[in-house]
Amino acid sequence: IPLAYAVATGDSAQLDTAIDQGLAAGLTVSELTEAVSHQFAYIGAPKTLNGVAALQKRLEARKAQGIHDPQGKSATDLGNADYYALGTQTLAELSQAPTSRPIFDFAPALDYAIKAQLFGYQFSRDNLGAPERELVTLASLAALGESVNGQLRSHLRVLQNLGATDRHIAQIAQSIETDRKSTRL
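Residues numbered from 1 in each chain as written. Predicted model: local features only at pLDDT ≥ 70, side-chain atom pairs only at ≥ 80, totals over all residues. Heavy atoms only, no water.

**Concerning the environment of Gln160**
Next up, step 1: Following the sequence through the fold, Gln160 ends up in helix H10 (residues 149–161).
Next up, step 2: Between the alpha carbons of Gln160 and Leu94 there is a distance of 9.4 Å; along the sequence they are 66 residues apart.
Next up, step 3: Apart from the residues lying within four places of it in its own chain, the contact partners of Gln160 are Asp166 and Ile169. (Helix = DSSP H or I, 4+ residues; strand = E, 2+ residues; numbered from the N terminus. Contact = heavy atoms within 4.5 Å.)

Structural data, given as structure tokens:
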């Protein structure tokens, strides 16, 4: 959560700390890179590119200090998968709701982007699980502020559908609040 929050807010000092903490907690380079890349759909290309560049720079600095971070596994290549169909199925499973919505009828390009790119391609990458992706999503949305409360509520429901309890949700909220406070300092 701290990594995603720092990337979304552009706080480079907090980002370096979050990278170090993530690696110390046992995350791999692959998992950290995937987490930042997953933010693309929520915070946009510029912030995601900046986050990946900052991650790369921090990893290079650690390597120069003689620190050998675990690389982790690469995502499995699914070849020529039908990412739209896969994404429609994944979205239905995660949301436990119909995937046909009036907004998607109104904006078919948005329907395709969300289903094929986000829930099809990104969620099919098996080097980061759905619960971890949802934690990244929650931190990203929380960093964007109240204008995305509807999406935040939707992703909280997804996390609950994945098995998060009220206690887990409270811990997530506390972690986000801690990140918010450290960003203001």
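That shown, we press on.
**Some remarks on the packing of helix H9 (residues 130–144) against H10**
Next up, step 1: The N-to-C vectors of H9 and H10 enclose an angle of 160°; their axes lie 10 Å apart at closest approach. Classified by the interaxial angle, the pair formed by H9 and H10 is roughly antiparallel. Where H9 crosses over H10, the handedness of that crossing is left-handed. For the pair H9 and H10, the contacting residues are Pro131, Glu134, Leu135, Thr137, Leu138, Leu141 and Ala142 in the first and Gln151, Leu152, His155, Leu156, Val158 and Leu159 in the second. (Axes fitted to C-alpha atoms, helices over the stretch in contact; angles between N-to-C directions. Parallel < 35°, antiparallel > 145°, perpendicular 65-115°, else oblique. Left-handed = near helix turned anticlockwise from the far one by under 90°.)

**A word on the packing of aromatic side chains**
Next up, step 1: All told, the structure shown has three aromatic pairs when counted by the stated rule.
Next up, step 2: Between Tyr84 and Tyr112 the ring centres are 5.7 Å apart and the planes differ by 5°, which places this aromatic pair in the stacked class. In this pair, Tyr84 sits in helix H6 (residues 83–95) while Tyr112 sits in helix H8 (residues 108–124), placing the two residues 28 residues apart along the sequence. (Phe/Tyr/Trp six-rings, centres within 6.5 Å; stacked < 30°, edge-to-face > 60°.)

**Re the nonpolar core**
Next up, step 1: Residues Leu3 and Ile19 are the most contacted members of the largest nonpolar core, which totals 38 residues.
Next up, step 2: Ignoring sequence-local partners within four residues, the contact set of Ile19 consists of Leu3, Leu32, Ala54, Leu55 and Arg58. (Core = buried A, V, L, I, M, F, W, Y, C linked by side-chain atoms within 4.5 Å. Buried < 20%, exposed > 50% of the residue type's maximum accessible area, 1.4 Å probe, protein only.)

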